[in-house]
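What follows is each chain in one-letter form.
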Amino acid sequence: MSQRITALLEKHHHSKDELVELLSVQSDQEIALILDKALQKKASAVGRKVYLRGLIELSNICSKNCYYCGIRAGNKNVERYTLSDEEVLSCADFAWKQGFGSLVIQTGEQSGQAFADHIERLLNKIHEQTNSELTITLSCGEQPEEVYRRWKQAGADRYLLRIETTNKELYYKIHPNDKNHAWENRIESLENLRKTGFQVGTGVMIGLPGQTLEDLADDLIFFRSLDIDMVGMGPYIEHAETPLFANVHELWPAPERFRKGLLMIALLRLNMSLINIAASTALETLDPLGRQKGILAGANVVMPNLTPVSNRKNYQLYNNKPNLDKDASLSTVTLNQVISSIGETICFNQPGDSKHFLKRVADNQENFSAK
Ligand code: SAH
Ligand code: SF4
């Protein structure tokens, strides 16, 4: 059996059946074979490097009702907040001075002119204050193409919009089946983001109730078919105040969701060697060493949380989210030690663009000038 796995790992492009086979491995020895190969691939393709993005959870106000998420509009137990511009700028200043190189601004999904203006204003202010030395990723949900364009022009570089699952039937088990949550809209948004010139990131949750290994293999193939630049994916973690909590008995045990999370990262690195892959906070929630293990499985991005400590308890997408009471500066120092201790180097003061994206841009230019 291990021989078969070793042979499969020589390939750079796996079929669905092969991905299912690799995702099904159970023995520690075979899992280690896959993770080791992914780490080798990471080392040769993008180096043993880790890029930082300071995460700012701008607001927990959300107009949507995703069945899995703790800050869904229907959860009346959440105290809603939006950070002031001063608070955001103070997070940005911290990230800049600590040499993070990059920020992620994430929010619950909001729409309308005022929200579009708000994000645009923040982008302008952050760039002004930090000498445009931070690259910025937005994770602000589905928006009209025009809004994406405005944000891109105001200096956002990347956009993260997870498809959550590529199995449409499962998608409607975890979202209301209405026009506010249409799977097609999400796909269209991803296409619009690409057209607008963003480095485009997507991702899925791993271990959703009813999700199969075939679904996860399809998710990997979806990332490849969209030629995606970056991926943030992690285990699904239940939240007691959400409708999906009713299905908690159907879930794979947490250690299994964690292992599948690592395998997904590793298989993605093997199939899309140059993309950026985040070691998600959800991995860290299920295992105290989750971040490091994610990096050693092929991830190259971590997102230390810069959200003011007093707001963090109100941005609980799932139960037991870590670092609720930790100060951002403390985690930076420890993070550096932790990352070095596993043989990786944090790239301070660097934008950390997706090499996959840079290559596509260069290839397009080459084709253009050859014409
Ligand atoms: N509102 C934006 C961004 C915030 S949510 C959006 O939905 O795109 C960011 C991500 O958190 C979601 O894409 C989802 O994949 C993840 N998430 C939400 N609830 C979760 C849960 N219970 N377990 C794991 N991940 C979850
Ligand atoms: Fe809102 Fe995003 Fe949570 Fe859905 S996943 S409820 S859009 S914050």
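Note: the structure precedes this text.
This one's a predicted model, so the numbers in the text were calculated from it and none came from an experiment.

### Side note on the overall build of the protein chain
Next, step 1: In terms of helices and strands, the protein chain carries 15 helices and eleven strands.
Next, step 2: On the principal axes, the C-alpha backbone points of the protein chain span a range of 55 × 55 × 45 Å.
Next, step 3: Taking the contacts inside the protein chain whose residues are at least 6 apart along the sequence as the reference set, 75% of them involve residues at least 24 apart.

### A word on helix α15 (residues 355–370)
Next, step 1: Under the 1.5 Å per step criterion, the end-to-end length of α15 is 22 Å for 16 residues, consistent within 8% with the ideal 22 Å.
Next, step 2: Residues of α15 that are buried: H356, F357 and R360. Looking straight down α15, one finds that the buried residues subtend no more than 100° of arc, so they occupy a single side. Turned more than 90 degrees away from the buried face of α15, the exposed residues are Q365, E366, S369 and A370.

### Points about the site of ligand 2
Next, step 1: Near ligand 2 you find C62, K64, C66, Y68, C69, I71, R72, G108 and E109, and these make up its full shell.
Next, step 2: For the shell around ligand 2, a count of residues per class yields five nonpolar, one polar and three charged.

### Considering the site of ligand 1
Next, step 1: Residues in close proximity to ligand 1 total 17 residues, the closest being Y68, T107, R162, E164 and I237.
Next, step 2: For ligand 1, a nitrogen atom lies 3.0 Å from a polar atom in the backbone of Y68.
Next, step 3: At a separation of 2.6 Å, an oxygen atom of ligand 1 approaches a polar side-chain atom of E164.
Next, step 4: The fraction of the free accessible surface of ligand 1 (540 Å²) that becomes covered by protein chains is 92%.

### So, the pairing of strand β3 (residues 102–107)
Next, step 1: Most of β3 sits inside the fold, with six of its six residues counted as buried.
Next, step 2: What you see with β3 is no split at all: S102, V104 and Q106 on one side and L103, I105 and T107 on the other are buried throughout.
Next, step 3: Alignment of strand β2 (residues 54–59) against β3, held across five bridges, turns out to be parallel. Paired with L55 across the two strands is V104, which belongs to β3.
Next, step 4: Regarding topology, helix α4 (residues 85–97) serves as the crossover connection from β2 to the parallel β3, and that connection is right-handed.

Conventions adopted
Residues numbered from 1 in each chain as written. Chains lettered and ligands numbered in written order. Predicted model: local features only at pLDDT ≥ 70, side-chain atom pairs only at ≥ 80, totals over all residues. Heavy atoms only, no water. Helix = DSSP H or I, 4+ residues; strand = E, 2+ residues; numbered from the N terminus. Contact = heavy atoms within 4.5 Å. Expected span 1.5 Å × (residues − 1). Buried < 20%, exposed > 50% of the residue type's maximum accessible area, 1.4 Å probe, protein only. Arc of directions from axis to C-beta. Near = heavy atom within 4 Å. Nonpolar A, V, L, I, M, F, W, Y, C, P; charged D, E, K, R; others polar. Polar contact = N/O pair within 3.5 Å; in protein donor to acceptor, adjacent residues only side chain to side chain. Areas by Shrake-Rupley, 256 points an atom, 1.4 Å probe, with all protein chains shown as cover. Pairing = 2+ DSSP bridges. Right-handed = clockwise from strand over helix to strand, strands pointing away.

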